[in-house]
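Analysis of the macromolecular model
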Amino acid sequence: MKHKFLLRVLGVFSTLALLIAALPLAPVSAATLTLSPNSGPAGSMVSVTGTSVASSGSLVYILFNGANVATATVGSGSGGANPVSGTFTVPTNLTRGTYTVSFLFTGGDSAASQAFTITPSITLASGTGYVGDSVAVTGSGFTPSTTVNFYLSGSTTPFATTSSSSTGTISTTITIPAAKKGTLSITANDGGATGTAPVNFIINPKITLSSSSPGVGDSITITGTGFYDGAVQIAIDSGAAVNAGVSVGSNGSFTATYEIPALTRGSHTLKVNDAWNNNAQVTFDIAQKITLTPNTGNVGTSVTVRGSGFNTTGTITLTYFGQSVTVTLSNGTFTTTFVIPGVQAGAYTISATDGSVTSTATLTVTTNITMSPTNNASTPGNVGQEITINGSGLKANDTVLVTFDSAQVTITPSPIVDSNGDFSLKFNVPATTAGPHTITVISGTTSKTFTFFVEGTAPATPAPLTPEMGLKAKQPVVFDWDDVTDPSGVTYVLEIAADQNFTNMLYQIKDLTESGYTMTDAQKLESVSSDSPYWWRVKAVDGAGNASAYTGAGSFTVGFSLDLPTWATYVLIGIGGLLLLALGFWLGRRNADY
C-alpha cells in the first residue's frame, strides 16, 4: 500500500514537471537607459545606468548625438536583466539644444536612448579679487554668433556684453562692477529660456591713493571699493584713526580727500576701516621732495617752496638762480618763498639738500610785457599821454619795436633788452582819433598787444573877444578869443565869411595853436559898410579830432586905408614932418616981421 501511494505522488510531480516544461518562457524586457543629470553644460560629467539582455561582459558604446563618447561593459544580473553603467563627458563643441544619448550593444540587444539638454556655462579665471578687476571668462553651449550678456544675481541690467563664436563659445574679459564686500553671483545669457548657472566672485575691500609718493602737507585722494555702509576711518602706521568725513555709498565705494601729516622719509602704511571693521591698506613712500607754487611765472613773481622727507632736524640749503639760502627744518619739512629775479625766460632748476639727500624741481620763467597806464572805454586816456612799457624774460640784446595802429613809434634811443632780459621804454600817444587803438610790442619772437582807448570828449567852445560885434576893425584885423584847454591838446579853426550863414566863405584858417590871429597883408579885407559887414567865428579841436561847437557869428566892418608899401608910408610921414617944420618956420618969420 505504501509503495502504491509513493508511486502515485511521484506520478503527480512528474506530470506537473512535464506541464511546467511544456509552458512557453516569458520574454526578457528590452534594454533601458537613465541619465543623471539629464541636462547640463558642455563639458559636464553625466552618469548613465540601464539594463540589457546582452551577455555579461559584452561591450556597450555610449553615443551622444550619434557619436561615441564612452564605453561600458555589460554586468551580470538575474533573469537576463544584466546591468549597464558608465559615465561620459558632454562634448564641448556643441551649442545650446537637446540631444540624444543612446546605448549601442555589441552583444545583440535593442537600443535604448534618452534626451539630454545642453545649457550654456561660464568659467571665471579668478574667483576672488577687487572691484574694477579685469577677469577672463570662458564659456560654451551658447547660441552661435549671438550677443551674450552678463548679469549680477537679481539684476535685469547687464553689466558686460560679448558675442559668441560660430560654435557657441565665448572668451572675453569682464570688469568687476562696484559692489560691497562679499560674494557676487554672475550669470550669462544669450537670450535663451535659461542662462548659465551662477559662478561666484568674492569681492574684498581695496583702497588706492592718487599719489604713491606724496609729500607732507599734500592733499591726496583715497578711493575705496568693497566696503560696507558707514563712515570710514583713516590711520597711518600706528597713529590714531581719523574720520575722513565721508561715508561708504550703497555700492560699497567712497572717495575721501586726506592731507598727509608730518612724516619722516621712508615707507608708511595707510589703513582704512569701515563701520563693520572691513579694512584695506596700502603702502606709500615719503621721499625727499620739493614743490613750487606756482611752478611757472615771470620776473617778480613770488614762489613758495615746500619741502618734505628731509632730516627730521637741522637745516637745508635751498639754491635758486645762483643764490643759496639756509632754511630750518621742522620734522623733515620746510616752507619758504623767493621772488624770481631778472632773468631770461626758460626752465631753471631749484634744489634743496640736507647734506644727505637732494631734491629738485623745475621752475619755468616766462616772458612778460606790461603797459602803464592801462585803460578802457569808461576811463579813456588822451593824445600826448605818456605810456611806459616794461618787459622781462626776453632774449638779451634783442631790439624792441613799438607800433601804434601798425605805424612804428619813434623812440630815442632805440630800446634794447639788457643782459637780464629786461627793457623799459616810454613814448607819448600820437595824434589820433577817439576810440580804441592797438599798441603792439615786439622783441625777437615775443610780441604783446594792448588796447588803448583815446577819449572822445569835445573841448569847450572858445569865447570870442575881438573884433567886437558890430565895431570897425583896423587893418590888419586882429582876432582874439579865450584860451581852451584839453588833455589831448588844442588847435583852433578860424572862419571869416561875407555872410552870416558862412556860405560865402572868405577864409578858413586851421591848426592855429594860439588863441588869436592877425591877418596878413595878403589877407587884407576891403572896406565895407555896416550894411554888409564881415562875419567871423572860431572853434577848438583837440588832438583826438574832437571839435567844439563854433562860437556865435560876430560881425565887423573895415574902414578906408591906403594900400601903400611900408617905405612909402615912411616917406609920407617924413614929408609931413618937413611940411610941419616949414610951416612953423614961416609962421615964426611972419611974427618977427610984425
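Just so you know, these numbers come straight off a predicted model, no measurement behind them.

The helix and strand tally for the protein stands at two helices and 46 strands. A compact globule built from 594 residues would reach a C-alpha radius of gyration of about 25 Å, whereas the protein, at 58 Å, exceeds it by more than 25%. Taken along its principal axes, the extent of the C-alpha atoms in the protein is 250 × 70 × 45 Å. When each of the 594 residues of the protein is scored for burial, the buried share is 38%. Restricting to contacts in the protein with at least 6 residues of sequence separation, those with at least 24 account for 58%. For the protein, the exposed surface amounts to about 31,300 Å²; the carbon and sulfur share of it is 53%.

Reading across from one edge, β9-β11-β14 is the order of the three strands in this open sheet, with antiparallel pairing throughout. At either end of the open sheet lies a strand with only one pairing partner, and these are β9 (121-124) and β14 (170-175). The average undirected angle you get between the axes of adjacent strands in this sheet is 30°. Relative to strand β11 (residues 134-140), β9 runs antiparallel, the two being bridged by four bridges. Looking at the pairing, Leu124 lines up with Val137 of β11.

By the secondary structure assignment, Phe105 is in strand β7 (residues 97-105). Under the relative-accessibility criterion, Phe105 is labelled buried at 9%. On a C-alpha basis, the gap between Phe105 and Ser52 in space is 8.5 Å, while along the polypeptide they are 53 residues apart.

A separate point is the sheet that holds strand β3 (residues 45-52). The three strands lie next to each other as β1-β3-β6, forming an open sheet whose pairing is antiparallel. Of all the strands in the sheet, just β1 (32-36) and β6 (82-89) have a single pairing partner and so form its edges. With strand direction ignored, the average angle separating the axes of adjacent strands in the sheet is 20°. When β1 meets β3, the two strands line up antiparallel, connected through five bridges.

Turning our eyes to something else, we now look at the layout of surface pockets. Space inside the largest pocket adds up to approximately 160 Å³. Lining the largest pocket are 13 residues, and of these Val216, Gly217, Arg306, Gly307 and Ser308 sit closest to its centre. Considering only residue class, the lining of the largest pocket consists of three nonpolar, seven polar and three charged.

Next up on the list: the nonpolar core. If you look at the biggest cluster of nonpolar residues, it comprises 24 residues, and the most contacted ones within it are Phe64, Phe88 and Phe103. Among the elements that take part in this core, β7 stands out by supplying four residues, more than any other. Dropping the residues within four chain positions of it, Phe88 is found in contact with Leu35, Ser44, Met45, Val46, Val48, Ile62, Phe64, Val69, Ala70 and Val101. One finds Ile369, Phe427, Phe452 and Ala544 within the second-largest nonpolar core, a separate group that totals 22 residues.

Turning our attention to the side chain of Thr336. You can see Thr336 is positioned in strand β29 (residues 334-339). Taking the relative accessible area as the measure of exposure, Thr336 reaches 19% and is therefore buried.

Here the focus is the pairing of strand β23 (residues 279-286). Looking at chain direction, strand β22 (residues 266-273) and β23 are connected through eight bridges and run antiparallel. Note on β23: the bridge partner recorded for Gly266 is Ile286.

Attention now goes to the side chain of Thr551. Structurally, Thr551 is set in the loop between β45 (534-542) and β46 (554-558). Taking relative accessible area as the criterion, Thr551 reaches 6% and is therefore assigned buried. Discounting chain neighbours no more than four positions away, the residues touching Thr551 are Thr461, Pro462, Pro464, Arg537 and Val538.

Cis geometry is found at the peptide bond from Thr412 to Pro413, where omega equals -5°. Relative to the helices and strands, Pro413 resides in the loop between β35 (407-408) and β36 (423-428). In the segment running from Thr466 into Pro467, the intervening peptide bond is cis, with an omega of -5°. Relative to the helices and strands, Pro467 resides in the loop between β39 (464-466) and β40 (472-473). With a phi angle near 50°, Asp405 is a residue other than glycine that sits in the positive phi range. Looking at the element boundaries, Asp405 is found in the loop between β34 (401-404) and β35. Residue Asp405 is classed as partly exposed on the basis of its relative accessible area, which comes to 36%.

Now for the confidence of the model for the protein. Across the protein, the average pLDDT comes to 89, with 90% of residues at 70 or higher. Every residue in residues 1-29 is under pLDDT 50, and counting partners more than four places away or in other chains gives five contacts.

One pass over the full model with this rule turns up 14 aromatic pairs. Ring centres 5.9 Å apart and planes at 55° place the aromatic pair Phe310 and Phe334 in the tilted group. On the criterion of sequence distance, the pair formed by Phe310 in the loop between β26 (302-308) and β27 (315-320) and Phe334 in strand β29 is long-range, its members being 24 residues apart. Among the residues examined, Phe310 registers a relative accessible area of 1% and is labelled buried. One aromatic cluster in this structure is built from Phe64, Phe88, Tyr99 and Phe116. The ring of Phe502 has Arg537 sitting right over it, with the charged end atom 4.1 Å from the ring centre. In this structure, Arg537 is placed above the aromatic ring of Tyr550, and the distance from its NZ or CZ to the ring centre is 4.0 Å.

Reading the values: the criteria
- Residues numbered from 1 in each chain as written.
- Predicted model: local features only at pLDDT ≥ 70, side-chain atom pairs only at ≥ 80, totals over all residues.
- Heavy atoms only, no water.
- Helix = DSSP H or I, 4+ residues; strand = E, 2+ residues; numbered from the N terminus.
- Rg over C-alpha atoms; globule rule 2.2 N^0.38 Å.
- Buried < 20%, exposed > 50% of the residue type's maximum accessible area, 1.4 Å probe, protein only.
- Contact = heavy atoms within 4.5 Å.
- Areas by Shrake-Rupley, 256 points an atom, 1.4 Å probe, with all protein chains shown as cover.
- Pairing = 2+ DSSP bridges.
- Axes fitted to C-alpha atoms, helices over the stretch in contact; angles between N-to-C directions.
- 1 Å grid on protein atoms, 1.4 Å probe; cavity = no way out; pocket = protein on both sides within 12 Å on 5 of 7 lines; lining within 4 Å.
- Points joined across faces, edges and corners; volume = space filled by probe spheres on them.
- Nonpolar A, V, L, I, M, F, W, Y, C, P; charged D, E, K, R; others polar.
- Core = buried A, V, L, I, M, F, W, Y, C linked by side-chain atoms within 4.5 Å.
- pLDDT = per-residue confidence, 0-100.
- Phe/Tyr/Trp six-rings, centres within 6.5 Å; stacked < 30°, edge-to-face > 60°.
- Lys NZ or Arg CZ within 6 Å of the ring centre and 35° of its normal.

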